[in-house]
Amino acid sequence: QQSPVSRQRPAAADAAPPALRQAVLDGLFASPKHLPSAYLYDARGSALFERICELPEYYPTRTELAILRAHADEMAGCIGDGAVLVEPGCGAGLKTCLLLSRMHAPRAYVPIEISATALQASVQAVAGRCPKLAIRPLQADFTRAFALPEGLAGARRVVFFFPGSTIGNFDPQQAQALLARWRLLGGPEAGLLIGVDLRKDPAVLQAAYDDAQGVTAAFNLNLLLRVNREFGADFDPASFAHVARYDEARGRVEMHLQSRKAQTVRVDGQALRFADGETIHTENSYKYTPDGFAAMARQAGWQEAARWSDDAARFGVQFLRA
Ligand code: AVI
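Residues numbered from 1 in each chain as written. Predicted model: local features only at pLDDT ≥ 70, side-chain atom pairs only at ≥ 80, totals over all residues. Heavy atoms only, no water.

Here's the deal with the site of the ligand
Condition: The nearness test applies per residue and asks whether one of its heavy atoms lies within 4 Å of the molecule or strand. Identification of polar contacts relies on pairs of N or O atoms within 3.5 Å, with a donor-acceptor requirement for protein atoms, meaning one able to donate a hydrogen and the other able to accept it, and with residues adjacent in sequence counted only if both atoms are side-chain atoms. Every accessible area reported is derived by Shrake-Rupley at a probe size of 1.4 Å, with residue values counting cover from the shown protein chains alone. A run of H or I in DSSP counts as a helix once it spans at least four residues, and a run of E counts as a strand once it spans at least two, with each numbered from the N terminus. Following the grouping adopted for this structure description, the nonpolar residues are Ala, Val, Leu, Ile, Met, Phe, Trp, Tyr, Cys and Pro, the charged ones are Asp, Glu, Lys and Arg, and the polar ones are all others, Gly among them.
As a matter of local geometry, the ligand sits amid Tyr41, Phe49, Ile52, Tyr58, Gly164, Ser165, Asn169, Tyr209, Phe219, Met255, Glu283 and Ser285. Between the ligand and the protein, one listed contact pairs a nitrogen atom with a side-chain N or O atom of asparagine 169 at 2.8 Å. Measuring from a nitrogen atom of the ligand, one finds a side-chain N or O atom of glutamate 283 at 2.8 Å. Relative to its unbound accessible surface of 340 Å², the ligand loses 99% to contact with the protein. The set of elements that each furnish at least two residues to the shell around the ligand consists of helix 2 (43-52) and strand 10 (279-286). Of the residues in the shell around the ligand, the class split is seven nonpolar, four polar and one charged.

Notes on helix 2
Under the convention used in this document: Each residue is placed in one exposure class: buried if its accessible area under a 1.4 Å probe, protein chains only, is under 20% of its type's maximum, exposed if it is over 50%, and partly exposed if it falls in between. Here the arc refers to the set of directions running from the helix axis out to each C-beta atom. In this description, contact between two residues means that some pair of their heavy atoms is separated by no more than 4.5 Å.
Three or more residues of helix 2 are buried, namely Gly45, Ser46, Leu48, Phe49 and Ile52. Taken down its axis, helix 2 places every buried residue within 160° of arc, on the same side. If you follow the buried residues of helix 2, they end up packed against helix 8 (215-231).

Thoughts on the environment of glutamine 258
Examined against the element boundaries, glutamine 258 turns out to sit in strand 7 (residues 252-259). Contact partners of glutamine 258, with chain neighbours within four places excluded, come to Ser239, Phe240, Ala241, Val243, Gly277, Glu278 and Thr279.

Some words on unusual backbone geometry
With an omega dihedral of -5°, the bond running from serine 31 to proline 32 counts as a cis peptide bond. Looking at the secondary structure, you find proline 32 in the loop between helix 1 (18-28) and helix 2. The backbone of alanine 105 shows a phi angle near 45°, a positive value even though the residue is not glycine. Tracing the sequence through the fold places alanine 105 in the loop between helix 4 (94-102) and strand 2 (108-113). By relative accessible area, alanine 105 is classed as exposed at 59%. Positive phi values are uncommon outside glycine, yet alanine 313 reaches one of about 55°.

Some points on the packing of helix 2 against helix 8
Quick note on the threshold: Orientation is described by lines fitted to C-alpha atoms, with helices fitted over the stretch in contact, and by angles between N-to-C directions that extend from 0 to 180 degrees. Orientation categories follow fixed angle ranges, with anything under 35 degrees roughly parallel, anything over 145 roughly antiparallel, 65 to 115 roughly perpendicular, and all other angles oblique.
With their axes 9 Å apart at the nearest point, helix 2 and helix 8 run at an angle of 170° to one another. Taken together, the axis directions place helix 2 and helix 8 in an arrangement best described as roughly antiparallel. Here helix 2 contributes Arg44, Gly45, Leu48, Phe49, Arg51 and Ile52 to the contact with helix 8, which in turn contributes Val215, Thr216, Ala218, Phe219, Asn222 and Leu225. Tallied by class, residues from the contact of helix 2 with helix 8 come to seven nonpolar, three polar and two charged.

What to know about the packing of aromatic side chains
Heads up, the condition is: Paired rings are identified among Phe, Tyr and Trp, the last through its six-membered ring, by centres lying within 6.5 Å, and are further divided according to the angle between planes into stacked (under 30 degrees), edge-to-face (over 60) and tilted (the rest). Throughout this description, the term charge over a ring refers to an Arg CZ or Lys NZ atom that lies within 6 Å of the ring centre and within 35 degrees of the ring normal.
Taken as a whole and assessed by the stated rule, the structure comprises 13 aromatic pairs. Here the aromatic rings of phenylalanine 142 and phenylalanine 162 are separated by 5.6 Å at their centres, their planes lie at 80°, and the arrangement is edge-to-face. Highlighted residues: phenylalanine 142 in the loop between strand 3 (138-139) and strand 4 (158-162) and phenylalanine 162 in strand 4, separated in sequence by 20 residues. Take phenylalanine 142: its relative accessible area is 1%, and that puts it in the buried class. Of the residues examined, phenylalanine 162 reaches a relative accessible area of 0% and is grouped as buried. Between tyrosine 288 and phenylalanine 293, the aromatic rings sit 5.2 Å apart at their centres with planes inclined by 85°, giving edge-to-face as the arrangement. Looking at tyrosine 288, the relative accessible area reads 8%, which means it is buried. A residue is classified by how much of its surface remains accessible, and phenylalanine 293, at 0% relative accessible area, is buried. Chaining the aromatic ring pairs together yields one cluster made of Tyr41, Phe49, Tyr58, Tyr209 and Phe219. Lying across the ring of phenylalanine 231, arginine 21 places its NZ or CZ 4.3 Å from the centre. The ring of tyrosine 59 has arginine 314 sitting right over it, with the charged end atom 5.3 Å from the ring centre.

Distances and angles like these do not, on their own, reveal function.
Written as structure tokens, this is what we have:
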């Protein structure tokens, strides 16, 4: 199963890698229809996501940043001396540098990103803000097994930094498997500093994923433009609607693209039929309780050591140890 990969500054202008292309075709011709959420992040999708992060309704980015600002020293204390900080799916540098600047003699920073363009952008952003730091970039799909760069494989203290609630874009089983893999890779003194979006009033979640300016709608509908470009398809985005709905029982916001009429679209030379009202499921964004997340992480071999939140308990950051 193709997994969500990207975050703050995800895959830039790159064409989709073969596995992602295959997942797109498989998903469109499956029943029910779905698309991998990693496919949201072409150059335009990445730019739209950065706009989402600034929206008044989209609280996660600014809330997490405020939590990091308020508690970076305590977080650095949890991380300890001489750690290697590994960031799967590297970001735009702001949160990372905030943390790195408070860490005690970090040994190295390892950003991981599948897209060479995005990796390079992230390295530049961090190098500009933290000029003395050893940066050891790793071009890899962090949802699969990877090895740390040479010389760091046996590092005493490896700490994973996974902000942004990207973990929420994985199904809980996938999330647990991912965290279990990092636990093994990090060794007996591994740490994990992770941002988790919390369960809350459905109206707040609904607004965050269906904003008044329609930026999230454009982000979702951009998938159809990308399929048109990369598969010679003829989707008319005007005949699909952005739908975001919170499934309270599952604790997840689902994004869909809903066909406004019965229609047939050509994709990769094949006819793809839609009933009126039929949807393509394009993303899940899971929300946790702090205890629920800690329990899931425990199943993956991590013990919660500290947690932080904002006053309204909208977003959580947890530090976990092996
Ligand atoms: C990247 N990820 C954590 C975002 C989220 O909130 O699930 C992606 C997003 N989808 C719609 N808005 C933002």
